[in-house]
Amino acid sequence: MYLTRLSLTNWRNFARLDIEMPKGPILLVGENAQGKTSFLEAVYFLATFISFQAGSDRELVNFIASREPLAVARLIADFKRDEKFRTENSHRLEIRLIQETNGINGQSRLRKEILVDGLKRKASEAIGLFNAVIFLPQTLRIIEGSPEERRRYLNLTLAQVLPGYAATLSEYNQLITQRNALLKQINDGSADPRQLEFWDEHLAGAGSRLIYARIQAIRELERLAANINLQLTRGSEVLRLDYLPAYDPLPQPEKQFALPVDTPVDRSGLSEEKIRQGFLENLTRLHSEEINRGVTTIGPHRDELRFLGNRVDLGTYGSRGQARTAILSLKLAEVEWMREKTGQWPVLLLDEVLAELDSQRRMDLLNRLADSEQTLLSTTDLDLFSSEFVENSNVWQIEAGRLK
Ligand SMILES: Nc1ncnc2c1ncn2[C@@H]1O[C@H](COP(=O)(O)OP(=O)(O)O)[C@@H](O)[C@H]1O
Ligand SMILES: [Mg+2]
């Protein structure tokens with residue numbers, strides 16, 4: 001799929017931009033702080049409805065515009081995707097971030113509206129229509145950062161491709177919040193423990209759908225990533241993705257020694273129903289402990305994922321170079337996985353990643369993405385690209401929120 005037109009209004013430092021988007025590679029060239037990342041952020045927002053970097057949507061609304069009592073940041077994108085019977089269909093996605101400031105106490109509220117082909121939709125309904133994959137320098141944090149970063153990565157990737165995943169995730173998160181509140185109330189004597197049964201049932205339902213989806217998706221991603229990693233390392237490194245669900249339907253046997261060497265467990269034969277039953281039983285078993293602690297201790301909100309290179313955990317024991325190659329393999333696998341699942345190329349976004357790579361990895365990356373329908377690459381330095389690549393690309397100069 002590819003964008004044909006993009007319009008940004010009051011989006012970060014873009015007051016107003018309306019541009020036709022060509023197919024193929026687009027090089028965004030500019031000094032620091034001119035708006036390259038903000039532009040890519042806008043495109044990725046169309047795929048996930050959240051920012052990959054902002055803590056809150058408020059940060060996205062242009063500073064100057066947000067001084068007014070009513071400020072609207074708006075993205076409008078026209079794009080084409082292949083649909084059934086190989087017909088190419090155009091769609092329009094519009095996102096509005098509407099910030100209203102209350103005149104009395106100066107507090108502001110922000111609401112998000114999403115329109116698909118002119119009709120308002122919930123994020124969980126609209127997700128998946130437009131797909132993008134982003135490569136960022138900080139993507140290495142998926143391997144080296146906290147488990148939360150890995151869960152976030154999984155959720156953003158799976159939600160774009162698996163129907164119902166986003167809706168189940170948001171249902172699950174609400175259930176966790178409500179169940180945790182109840183656990184605290186039971187703890188201080190203001191609620192009846194028998195009420196937990198209802199929440200356990202629902203949590204096990206939504207949770208098992210997430211666990212099941214993660215088991216399958218991680219396995220598919222692993223197959224692709226391992227293959228790519230083997231090629232990038234010229235056959236020397238076997239990459240494995242080791243899913244460690246916090247409620248584990250198939251726990252690993254207890255190990256006598258905590259060695260950094262490990263082999264992932266294959267859980268792909270488990271049915272969703274079996275996972276649901278086991279999850280429910282464990283929730284029930286943990287009642288008294290969880291009432292004491294006031295939190296739900298097992299379930300997908302605490303899942304972990306590890307990356308193993310030649311059976312060694314890359315997050316703790318890997319070298320920088322190994323982790324870089326692994327993350328590149330993972331990202332390239334994500335692209336392939338989306339193509340397998342949706343039948344089309346996602347739009348690719350590369351934010352200054354080439355500067356970080358040695359020339360061999362740079363070439364590997366560009367070669368593998370060469371057939372994509374549309375790729376946006378940002379850079380401060382055009383010399384990182386071969387003259388042939390530059391000649392075949394659209395080169396856009398970006399300066400203070402304007403394109404030249
Ligand atoms: N909400 C906002 N309103 C206006 N400007 C913003 C907003 N958020 C960030 N900026 C500014 O936008 C500029 C562009 O940032 P960025 O897209 O990260 O630039 P680049 O990637 O080109 O280095 C920065 O100067 C930043 O301070
Ligand atoms: Mg940037």
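Residues numbered from 1 in each chain as written. Chains lettered and ligands numbered in written order. Predicted model: local features only at pLDDT ≥ 70, side-chain atom pairs only at ≥ 80, totals over all residues.

A.B. asks: Help me understand the overall build of the protein chain in this model?
C.D. replies: When helices and strands are counted, the protein chain shows 12 helices and 15 strands. Against the 2.2 N^0.38 benchmark of 22 Å for 404 residues, the protein chain shows a C-alpha radius of gyration of 23 Å, consistent with a compact globule. Along the three orthogonal principal directions, the C-alpha set of the protein chain runs to about 65 × 65 × 45 Å. When burial is assessed residue by residue, the protein chain has 36% of its 404 residues classed as buried. Counted over contacts in the protein chain with a minimum sequence separation of 6, partners at least 24 positions apart contribute 73%. (Helix = DSSP H or I, 4+ residues; strand = E, 2+ residues; numbered from the N terminus. Rg over C-alpha atoms; globule rule 2.2 N^0.38 Å. Buried ≥ 20, exposed ≤ 12 C-beta atoms within 10 Å, placed from the backbone. Contact = placed C-beta atoms within 7 Å.)

A.B. asks: Even after reading the chapter, I still don't get the packing of helix α4 (residues 147-161) against helix α10 (residues 320-342), so can you show me in this structure?
C.D. replies: Geometry of a packed helix pair, given as the angle between the helix axes and the separation of the axes. Axis separation between α4 and α10 bottoms out at 10 Å; the angle between their running directions is 25 degrees. On the basis of the axis angle, α4 is roughly parallel to α10. The chirality of how α4 crosses α10 is right-handed. Taken together, the residues of α10 that come into contact with α4 (itself represented by Thr157, Gln160 and Val161) are Glu334, Met338, Lys341 and Thr342. Considering only residue class, the contact of α4 with α10 consists of 2 nonpolar, 3 polar and 2 charged. (Axes fitted to C-alpha atoms, helices over the stretch in contact; angles between N-to-C directions. Parallel < 35°, antiparallel > 145°, perpendicular 65-115°, else oblique. Left-handed = near helix turned anticlockwise from the far one by under 90°. Nonpolar A, V, L, I, M, F, W, Y, C, P; charged D, E, K, R; others polar.)

A.B. asks: Sorry, what's going on with helix α1 (residues 36-48) here?
C.D. replies: Helical geometry: 3.6 residues make up each α-helical turn, so side chains three or four residues apart lie on a common side. Spanning 13 residues, α1 covers 19 Å between terminal C-alpha atoms, matching the ideal 18 Å at 1.5 Å per step. With 12 of 13 residues buried, α1 is to be regarded as a mostly interior element. Within α1, the full set of buried residues consists of Lys36, Ser38, Phe39, Leu40, Glu41, Ala42, Val43, Tyr44, Phe45, Leu46, Ala47 and Thr48. The positive-phi residue at the C-terminal boundary of α1 is Phe49, with phi of around 65 degrees. (Expected span 1.5 Å × (residues − 1).)

A.B. asks: Which parts of the structure should I look at to understand the pairing of strand β5 (residues 87-101)?
C.D. replies: Strand residues, when the strand is regular, have side chains that alternate between the two faces of the sheet. Sheet analysis places strand β4 (residues 70-83) next to β5, joined by 14 bridges and oriented antiparallel. Of the residues in β5, the one forming a bridge with Glu83 is Thr87. Pairing of β5 with strand β6 (residues 108-116), which is carried by 9 bridges, proceeds in the antiparallel orientation. Its bridge partner being in β6, Ile95 is matched across the sheet by Ile114. The hairpin turn running from β5 into β6, its antiparallel successor, is 6 residues long, and Gly106 in that turn takes a positive phi close to 75 degrees. (Pairing = 2+ DSSP bridges.)

A.B. asks: Got a minute to help me understand the pairing of strand β1 (residues 2-11) in this structure?
C.D. replies: Pairing of β1 with β4, which is carried by 7 bridges, proceeds in the antiparallel orientation. Paired with Arg5 across the strands is Asp78, a residue of β4. Linking β1 back to strand β2 (residues 14-20) in an antiparallel pair, the connection comprises 2 residues, with Arg12 at a positive phi of about 50 degrees.

A.B. asks: Which parts of the structure should I look at to understand the sheet that holds strand β14 (residues 394-399)?
C.D. replies: Paired through their backbone hydrogen bonds, the strands of a sheet run either parallel or antiparallel. Across the sheet, which stays open at both edges, the 6 strands sit in the order β8-β12-β13-β3-β14-β15 with mixed pairing between neighbours. Edge positions in the sheet fall to β8 (132-135) and β15 (402-403), since each of these pairs with one other strand and no more. Pairing of β8 with strand β12 (residues 347-351) involves 4 bridges; the strand directions are parallel. Looking at β12, one finds that Ala132 is bridged to Val347. Strands β3 (24-29), β8, β12, β13 (374-379) and β14 of the sheet are contacted by α1, whose axis makes an angle of about 150 degrees with β12.

A.B. asks: I would appreciate a short explanation of the environment of Asn229 in the present structure.
C.D. replies: If you trace the backbone, Asn229 turns up in helix α6 (residues 196-232). Sequence separation between Asn229 and Ile275 is 46 residues; the distance between their C-alpha atoms is 31 Å. In this structure, Asn229 is in contact with Glu237, Leu239, Thr325, Ala326 and Ser329, ignoring residues within four places of it in sequence.

A.B. asks: When you look at the environment of Asn173 in this model, what are you seeing that I'm missing?
C.D. replies: Mapped onto the fold, Asn173 is located in helix α5 (residues 165-187). Spatially, the C-alpha atom of Asn173 lies 9.5 Å from that of Gly207, the residues being 34 residues apart in sequence.

A.B. asks: Would you mind showing me how to read the sheet that holds β5 here?
C.D. replies: What the 6 strands build is an open sheet, ordered β2-β1-β4-β5-β6-β7; its pairing is antiparallel. Edge positions in the sheet fall to β2 and β7 (119-121), since each of these pairs with one other strand and no more. Going across the sheet, the axis of each strand differs from the next one's by a mean of 20 degrees, ignoring polarity. With 3 bridges connecting them, β6 and β7 associate as antiparallel partners.

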